[in-house]
Each structure stands twice: as C-alpha cells, then as structure tokens.
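Chain residues, written in single-letter form:
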Amino acid sequence: MIDTVVVAPGESSASVQAGVSWPAIVAGAVVACALTLVLLAFGTGLGLSMVSPWARSGVSATTFKIGTGLYLIVIAMIASSLGGYLAGRLRSGWTGVRGDEVYFRDTAHGFVAWALASVLGAAVLASPASSLIGGTAAGATQGAVSAAQSSGPMDGYVDTLLRTDPAASGAANNQSDARGEVVRLFTRSFRGGGDLKAPDREYAAKVVAARTGLSQADADKRVNEVVTQVKADADAARKATAAAAFWLTASLLLGAFCASLAATEGGGLRDGTWKLRRS
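Okay, so let's go over this structure. (Residues numbered from 1 in each chain as written. Predicted model: local features only at pLDDT ≥ 70, side-chain atom pairs only at ≥ 80, totals over all residues. Heavy atoms only, no water.)

## A word on the overall build of the protein
Right, so step 1: Broken down by element type, the protein carries twelve helices and zero strands.
Right, so step 2: Secondary structure elements of the protein occur, N-terminal to C-terminal, as α-α-α-α-α-α-α-α-α-α-α-α.
Right, so step 3: Of all intrachain contacts in the protein linking residues separated by at least 6 positions in sequence, the fraction that spans at least 24 positions is 78%.
Right, so step 4: Of the roughly 16,900 Å² of accessible surface on the protein, 64% is carried by carbon and sulfur atoms. (Helix = DSSP H or I, 4+ residues; strand = E, 2+ residues; numbered from the N terminus. Contact = heavy atoms within 4.5 Å. Areas by Shrake-Rupley, 256 points an atom, 1.4 Å probe, with all protein chains shown as cover.)

See below:
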C-alpha cells in the first residue's frame, strides 16, 4: 500500500532551509572588525590619541574627549553598517517565507553580525580602542599602577611595623628604602579612593623634611599639596573612565541599530524587494 503525501507549494523548501546563514554573519562580522581597525589606525594617524603638550596649542582636553568620542561613534556606525549590509546581502535566499518574516530574519542577521563583531572586537581591538579613548587618563594613573604592581599586599603593614623616626636615623637611613616605603604608603592609602591617614601624613612629612632639609611646616605643606594633586588626578582619571564608558556604550547601541538596518537593505536588494519594503 502506497501513501500519498500532498505538500503545499513552498512548504518543503521553507521547512528545510535554515533561518540563519552563519557564513554571511561571520563574513559581515570579520569585515566590521577589519574596518574598525583601519579607522582606528586612521584616527590615531590624525592625532586623536594625544593632545598637545604645549599650552594654548592644539585642542583642549575637553574638545579632545568629545571629538574622540564622536569619532568612535562614527567608526561604529560605518563599520557596523557595512558588516550588517554584507550579512544581509550574502545570506541564503528563502522561498515560501512571508515578507515580514524575511524582514525579521534580515534584521536578526545584522544584529547577530554586530554582536559577533563586538565580541571579536573586545578580544582583538581592546588595546587600540583603549589607547584611542583613554590616552589622557593613562598618564594620571600610570605611576600608581606601577607602584601597586611592585609591592605585595603585606608590604604596607611591615613598613608600619618597622617604621623609625627619620630625623633620629639621619644619614644612616637608606634613601632608596625611604622612597620605596613612601611609594607603598601612598599606593596603599589611595587605592580604591582612600586618603592618607593622619599618622601616615605626619610620617611622610618627617621623611620629606629629612630628605630635603625643609622645615617641618614646609614639609607638611608640601605633603598636603601632593596629596591634593594625587586626589585631583585620581578624580580626573575616574571622570575620564566614566566618559569613555559612556561614549563606548553610545557607539555600541548605534552600531547595533545601523547593522540591523543595513542588513534589511542588503537582504531586500538581494531579493529585489527593497523598494517594496520602503513603500
């Protein structure tokens, strides 16, 4: 006995076709990452990773941050649009699928291509992007990071335990040891937004007085000025990091939108339905 199965037109082809064309998505993501790298290098060549060291020369720090953030958004829009367009244009054709479903799939292809490019970019392009958007904040935190890496977690406690009076020890006190101890003291105190405690501040002033020959009052004043400068630099670095995170978030969101929209255009041009979608 032979059973006869009747299949509606287009039903079999729609059922066996995959809804996601991974080769097209991967191709779009790789192109988006490559174009992002090219535009980052181009921006660095234009001087967007540095500010002029001379006073009243070049752009200000605020203008530099805004210009760099806007350029990062432009990079995301251009690279994501091209990657999404290729993901939509190169995807496999679907037969027997409704127009609104095709539109959704094209949008999804662009979004997934953007997501894959973002993941690849986080692993491959993290260093160039950080250099581009965080150039001004690097100088403020480089010294503290280096000092933190060169000291162990117990060095500060041992320094406090073995602390002597700098004025009493005089020339017998090793200057390199005193400098290293003060570096560790400042690193431990200001790590995580802390402050220099009163006993540590008094000891630092004594070390400054013994090393420089200043009076105790002048040494206290110098310590207070340096502490104020450290706190100001740390606050500036925090604000720069927050601004960089804001611009990065804005660029990612706009990149997702551009990739999704460009993929619908690429898919519509491939199927010859783009004008119909717009109307």
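Continuing now.
## Re the pattern of salt bridges
Right, so step 1: Considering all chains together, one arrives at eleven salt bridges under this definition.
Right, so step 2: Between aspartate 200 and arginine 188 there is a salt bridge, and its shortest N-O distance comes to 3.6 Å. Remark: arginine 188 occurs in helix α9 (residues 175–190) and aspartate 200 occurs in helix α10 (residues 198–212); sequence separation between them is twelve residues.
Right, so step 3: Ionic pairing is found between lysine 206 and glutamate 202, a salt bridge with its closest N-O pair at 3.8 Å. With lysine 206 and glutamate 202 both in helix α10 and four residues apart, the pair spans about one turn of that helix.
Right, so step 4: Overall, the relative accessible area of 30% leaves lysine 206 in the partly exposed class.
Right, so step 5: Glutamate 202 sits in the partly exposed class, given a relative accessible area of 47%.
Right, so step 6: Through salt bridges with shared partners, one network takes in Arg91, Asp106, Arg270 and Asp271. (Salt bridge = Lys/Arg side-chain N within 4 Å of Asp/Glu carboxyl O. Buried < 20%, exposed > 50% of the residue type's maximum accessible area, 1.4 Å probe, protein only.)

## Remarks on the nonpolar core
Right, so step 1: Ranked by size, the top nonpolar core spans eleven residues in total: Leu185, Phe186, Phe190, Leu196, Ala204, Ala205, Val208, Ala209, Ala219, Val223 and Val227.
Right, so step 2: Among the elements that take part in this core, α10 stands out by supplying four residues, more than any other.
Right, so step 3: If we ignore the near neighbours within four places in the chain, the residues touching phenylalanine 186 are Leu196, Ala204, Val226 and Val227. (Core = buried A, V, L, I, M, F, W, Y, C linked by side-chain atoms within 4.5 Å.)

## Notes on the packing of aromatic side chains
Right, so step 1: According to the stated counting rule, one finds three aromatic pairs in the structure shown.
Right, so step 2: With centroids separated by 5.2 Å and ring planes inclined at 40°, the aromatic side chains of phenylalanine 111 and tryptophan 114 adopt a geometry described as tilted. Taken together, the positions of phenylalanine 111 and tryptophan 114, both in helix α4 (residues 99–124) and three residues apart, correspond to about one turn of that helix.
Right, so step 3: With relative accessibility at 18%, the residue tryptophan 114 sits in the buried group.
Right, so step 4: Ring centres of phenylalanine 246 and tryptophan 247 lie 5.5 Å apart, and the angle between their planes is 70°; on these two criteria the pair is classed as edge-to-face.
Right, so step 5: The exposure class assigned to phenylalanine 246 is exposed, which follows from its relative accessible area of 55%.
Right, so step 6: When the ring centre of tryptophan 94 is taken as origin, the NZ or CZ atom of arginine 105, which lies over that ring, is 5.1 Å away. (Phe/Tyr/Trp six-rings, centres within 6.5 Å; stacked < 30°, edge-to-face > 60°. Lys NZ or Arg CZ within 6 Å of the ring centre and 35° of its normal.)

## As for α10
Right, so step 1: With 15 residues, α10 should reach 21 Å at 1.5 Å per residue; the first-to-last C-alpha distance of 21 Å fits that figure.
Right, so step 2: Asp200, Tyr203, Ala204, Ala205, Val207, Val208 and Ala209 are the residues of α10 that are buried. (Expected span 1.5 Å × (residues − 1).)

## As for the side chain of histidine 109
Right, so step 1: Relative to the helices and strands, histidine 109 resides in helix α4.
Right, so step 2: Relative accessible area serves as the criterion here: at 2%, histidine 109 is assigned to the buried category.
Right, so step 3: Leave out the neighbours within four places in its chain, and histidine 109 touches Gly19, Val20, Ser21, Ile25, Ala87, Arg91 and Trp94.

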